[in-house]
Amino acid sequence: MLSLDDPYWNDLQHAYGDAGDVPALLRTLASSPGPKATYQDEPWFSLWSNLCHQGDVYTASYAAVPHVVQIASQVAGPVDCGFFQLPAAIEVARRTGRGPDIPAALVKAYRLSIERLMEIVSLQRHHAWNQPMLLSAAAAQAVAKGHIDVAEALLNLDTDWISRINRGEFD
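Residues numbered from 1 in each chain as written. Predicted model: local features only at pLDDT ≥ 70, side-chain atom pairs only at ≥ 80, totals over all residues. Heavy atoms only, no water.

Draft legend 1. View of a nonpolar patch on the surface. A cluster of nonpolar residues, Trp-161, Ile-165 and Phe-170, forms a patch on the protein surface that exposes about 330 Å² of accessible area. As for its placement among the helices and strands, Phe-170 is situated in the segment after α8 (159–166). On the basis of relative accessible area, Phe-170 is assigned to the exposed category, the value being 64%. (Patch = residues over 30% accessible without salt bridge, like charges linked within 9 Å, V, L, I, M, F, W, Y side chains within 5 Å. Areas by Shrake-Rupley, 256 points an atom, 1.4 Å probe, with all protein chains shown as cover. Salt bridge = Lys/Arg side-chain N within 4 Å of Asp/Glu carboxyl O. Helix = DSSP H or I, 4+ residues; strand = E, 2+ residues; numbered from the N terminus. Buried < 20%, exposed > 50% of the residue type's maximum accessible area, 1.4 Å probe, protein only.)

Next up, the structure:
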């Protein structure tokens, strides 16, 4: 896993340029991993905006995922659904051609962190889950097992889509 102090972050890219600011966002996330009230709460808003901007991912996205997974593995209480949703969305984007190749220096840590998503979901099983947490955890499990199409569908589900599916309205 790339150290948060490594100058290589400045060579990585996110949606707005070089990723030298991502380590500070990850440090903030580590200090406040609990569930957030809205999607606009920091640092999640900036992490999403930088690392998975409108469905596109970047080299910094791959460097950040191992940190997101590591932080979630160290939290005793409930975590925000973003700990599952962001890594799942990044992997879906990567696997569907909406991002660059993973830099060689990041491949091993990135792939191991995607595999670890199953473990992180299991660590959170004793906490109450709202619907966004359930969908995010299921998407993370699908990604960890290589079911990218299922993960993408889960990431796109919301209350309206679920109601329409349950009513048989597929148009």
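Anyway, onward from the coordinates.
Draft legend 2. Summary view of unusual backbone geometry. A cis amide bond links Glu-42 with the next residue in sequence, Pro-43, at an omega value of 5°. Mapped onto the elements of the fold, Pro-43 is located in the loop between α1 (22–31) and α2 (44–51). For Gln-54, which is not a glycine, the phi torsion comes out positive at approximately 50°. Here Gln-54 shows up in the loop between β3 (52–53) and β4 (56–57).

Draft legend 3. The arrangement of the packing of helix α4 (residues 82–95) against helix α5 (residues 107–123) in detail. In the contact formed by α4 and α5, the axes pass within 11 Å of each other and the chain directions differ by 140°. Judged by the angle between their axes, α4 and α5 are oblique. Crossing handedness for the pair α4 and α5: left-handed. Contacts between α4 and α5 involve Phe-83, Phe-84, Pro-87, Ile-90, Glu-91 and Arg-94 on the former and, on the latter, Tyr-110, Ile-114, Leu-117, Ile-120 and Val-121. (Axes fitted to C-alpha atoms, helices over the stretch in contact; angles between N-to-C directions. Parallel < 35°, antiparallel > 145°, perpendicular 65-115°, else oblique. Left-handed = near helix turned anticlockwise from the far one by under 90°. Contact = heavy atoms within 4.5 Å.)

Draft legend 4. Structural detail: the packing of aromatic side chains. This model, assessed by the stated rule, comprises three aromatic pairs. Each ring, one from Trp-44 and one from Phe-83, has its centre 5.0 Å from the other, and the planes form 90°; the classification is edge-to-face. On the criterion of sequence distance, the pair formed by Trp-44 in helix α2 and Phe-83 in helix α4 is long-range, its members being 39 residues apart. For the pair shown, Trp-44 and Phe-83 are each scored as buried. Both rings, one in Tyr-62 and one in Tyr-110, keep their centres 5.3 Å apart while their planes meet at 75°; by these two values the pair is edge-to-face. With Tyr-62 in helix α3 (residues 59–73) and Tyr-110 in helix α5, this pair connects stretches of sequence that are 48 residues apart. Each member of the pair, Tyr-62 as well as Tyr-110, is classed as buried. When the ring centre of Trp-161 is taken as reference, the NZ or CZ atom of Arg-164 above it lies at 4.5 Å. (Phe/Tyr/Trp six-rings, centres within 6.5 Å; stacked < 30°, edge-to-face > 60°. Lys NZ or Arg CZ within 6 Å of the ring centre and 35° of its normal.)

Draft legend 5. Representation of the environment of Glu-119 in the model. Relative to the helices and strands, Glu-119 resides in helix α5. For Glu-119, a relative accessible area of 40% puts it in the partly exposed group.

Draft legend 6. Up close: the nonpolar core. Trp-9, Leu-12, Leu-47, Leu-51, Phe-83, Ile-90 and Val-143 are the most contacted members of the largest nonpolar core, which has 51 residues in total. Residue assignment for this core shows that the elements contributing at least two residues are α1, α2, α3, α4, α5, α6 (131–144) and α7 (148–156). Per element, the largest residue contribution to this core is nine residues, and it comes from α3. Filtering out sequence-adjacent residues up to four positions away, Phe-83 remains in contact with Leu-29, Pro-33, Trp-44, Val-68, Ile-71, Ala-72 and Leu-117. (Core = buried A, V, L, I, M, F, W, Y, C linked by side-chain atoms within 4.5 Å.)

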